[in-house]
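The primary structure of each chain is shown beneath.
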Amino acid sequence: MDSPSFRTRRFQPKFPSVREIPVNFFRSQSATSALKIQKIFKGFLVRKSVKRIKAIKIQVGEIEEMLLKSEVVELVRKYERERARMNENLMALLLKLDSIPGIDSGVRDCRKSMIRRSIALQERIDAIALVNLENTDVCEVQKR
């Protein structure tokens, strides 16, 4: 029993001496310049994306203001074409938002909030149309 067991013999290193390899980390002038260029370009892309989102935000705000007017609500309630036109405008804005790349987490968050706002407006337009359909159903039942 003087011999080592199979288990201890198996895990013994083949090369008893370990040699250290020196590794020097240094940044050359070109590496720091490349990082600086990348940061500047990423900032440019973020500003460009935020500018596009801001333009879409203005358009969504205009549609939202229109829906606050009672005349527009009546038009949407009465006419299918007006409802379709507003939904198409919102859908076009959603497609524009979808085409903006999410470069940064801030850009993604802005884009998500605008998408939620646009979808909420679409749901409001659909609710206005649904109220109209319910009212016409009640009127038809009362006439009979």
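Residues numbered from 1 in each chain as written. Predicted model: local features only at pLDDT ≥ 70, side-chain atom pairs only at ≥ 80, totals over all residues. Heavy atoms only, no water.

## Describing the packing of helix α2 (residues 29–68) against helix α4 (residues 80–98)
Let me state the cut-off plainly: Think of each axis as a best-fit line through the C-alpha atoms, taken over the contacting stretch in the case of a helix, with angles from 0 to 180 degrees between the N-to-C directions. Strands here mean DSSP runs of E at least two residues long; helices mean DSSP runs of H or I at least four residues long; both are numbered from the N terminus. Angle categories: roughly parallel below 35 degrees, roughly antiparallel above 145, roughly perpendicular from 65 to 115, and oblique for all the rest. It is the rotation of the near helix from the far one that decides the hand of a crossing: anticlockwise by less than a right angle makes it left-handed, clockwise makes it right-handed. Here, two residues are considered to be in contact whenever any of their heavy atoms come within 4.5 Å of each other. Three classes are used, and their members are as follows: Ala, Val, Leu, Ile, Met, Phe, Trp, Tyr, Cys and Pro are nonpolar, Asp, Glu, Lys and Arg are charged, and the others, Gly among them, are polar.
Two numbers describe how α2 lies on α4: the axes approach to 10 Å, and their chain directions differ by 160 degrees. Accordingly, the angle class assigned to the pair α2 and α4 is roughly antiparallel. The crossing of α2 and α4 is left-handed. Residues Arg52, Ile53, Ile56, Gln59, Val60, Ile63, Met66 and Leu67 of α2 lie in contact with α4, whose contacting residues are Arg85, Met86, Asn89, Leu90, Leu93, Lys96 and Leu97. Grouping the amino acids of the contact of α2 with α4 by side-chain chemistry returns 10 nonpolar, two polar and three charged.

## Here we look at α4
Since one α-helical turn is 3.6 residues long, residues separated by three or four positions face the same way. For clarity, the threshold we go by: A helix's residues, less one, multiplied by 1.5 Å, set its expected span. Per-residue accessibility, obtained with a 1.4 Å probe over protein chains only, is compared with the maximum for each type, and a residue is labelled buried under 20%, exposed over 50%, and partly exposed between these values. As used here, the arc belongs to the directions running from the helix axis to the C-beta atoms.
Across its 19 residues, α4 extends 26 Å between first and last C-alpha, which sits within 8% of the 27 Å expected from 1.5 Å per residue. Buried residues of α4: Glu82, Arg83, Met86, Leu90, Leu93, Leu94 and Leu97, and no others. Mapping the buried residues of α4 onto a view down its axis gives an arc of 115 degrees, with all of them on the same face. Exposed residues pointing more than 90 degrees away from the buried face of α4 are listed as Glu80, Arg81, Glu88, Leu95 and Asp98.

## Some remarks on a positive patch on the surface
To keep things clear, this is the line we draw: Nonpolar side chains (Val, Leu, Ile, Met, Phe, Trp, Tyr) within 5 Å and like charges within 9 Å form the patches, drawn only from residues with over 30% relative accessible area and no salt bridge. In short, Shrake-Rupley with a 1.4 Å probe defines the accessible areas, and a residue's cover is counted only from the protein chains shown. We define a salt bridge as a contact between a side-chain nitrogen of Lys or Arg and a carboxyl oxygen of Asp or Glu at a distance within 4 Å. The sign given to each residue is positive for Lys and Arg and negative for Asp and Glu; His and the chain ends receive no count. Taken as the charge centre is NZ of Lys, CZ of Arg, CG of Asp or CD of Glu, depending on the residue.
Positive charge collects at one region of the surface, where Lys42, Arg108, Lys112 and Arg116 lie side by side. A total of three residues in the positive patch trace back to one element, the largest contributor, which is helix α5 (residues 105–143). Tracing the sequence through the fold places arginine 108 in helix α5.

## Some words on the nonpolar core
What counts here: Side-chain atoms within 4.5 Å link the members of a nonpolar core, which is a set of buried Ala, Val, Leu, Ile, Met, Phe, Trp, Tyr and Cys residues.
Ranked by internal contacts, the top residues of the largest apolar core, which has 20 residues, are Met86 and Leu97. For this core, the elements supplying multiple residues, two or more each, are α2, α3 (70–78), α4 and α5. Element by element, the count of residues in this core is highest for α2, at six residues. Here leucine 97 is in contact with Ile53, Ile56, Arg111, Met114, Ile115 and Ser118, once residues within four sequence places are set aside.

## Side note on the packing of α3 against α4
Following both chains from N to C, one finds α3 and α4 inclined at 110 degrees, their axes separated by 5 Å at the closest point. As summarised for this structure, α3 and α4 are arranged roughly perpendicular, according to the angle between their axes. Two secondary-structure elements touch here, α3 through Val72, Leu75, Val76, Arg77 and Lys78 and α4 through Glu80, Glu82, Arg83 and Met86. Across the contact of α3 with α4, the residue classes break down as four nonpolar, no polar and five charged.

## Some words on the UniProt feature "coiled-coil region" (unreviewed entry) in the protein
Basically, it comes down to this: UniProt positions are given in the numbering used here, feature names are shortened, and annotations may be inferred rather than shown by experiment.
The sites that UniProt annotates as "coiled-coil region" (unreviewed entry) are residues 69–96. Secondary structure over residues 69–96 splits into 93% helix and 0% strand, and the C-alpha atoms at its two ends are 26 Å apart.

## Quick notes on the pattern of salt bridges
This structure, assessed with the given rule, holds five salt bridges. Where glutamate 64 meets arginine 124, a salt bridge forms, and the shortest distance between an N and an O atom there is 3.9 Å. Taken together, the positions of glutamate 64 in helix α2 and arginine 124 in helix α5 put the pair 60 residues apart, joining distant regions of the chain. A salt bridge links arginine 83 to glutamate 80, with the nearest nitrogen and oxygen atoms 2.2 Å apart. Highlighted residues: arginine 83 and glutamate 80, both in helix α4, separated by three residues, approximately one helical turn. Overall, the relative accessible area of 13% leaves arginine 83 in the buried class. On the basis of relative accessible area, glutamate 80 is assigned to the exposed category, the value being 52%. One salt-bridge network, held together by shared partners, links Glu64, Arg117 and Arg124.

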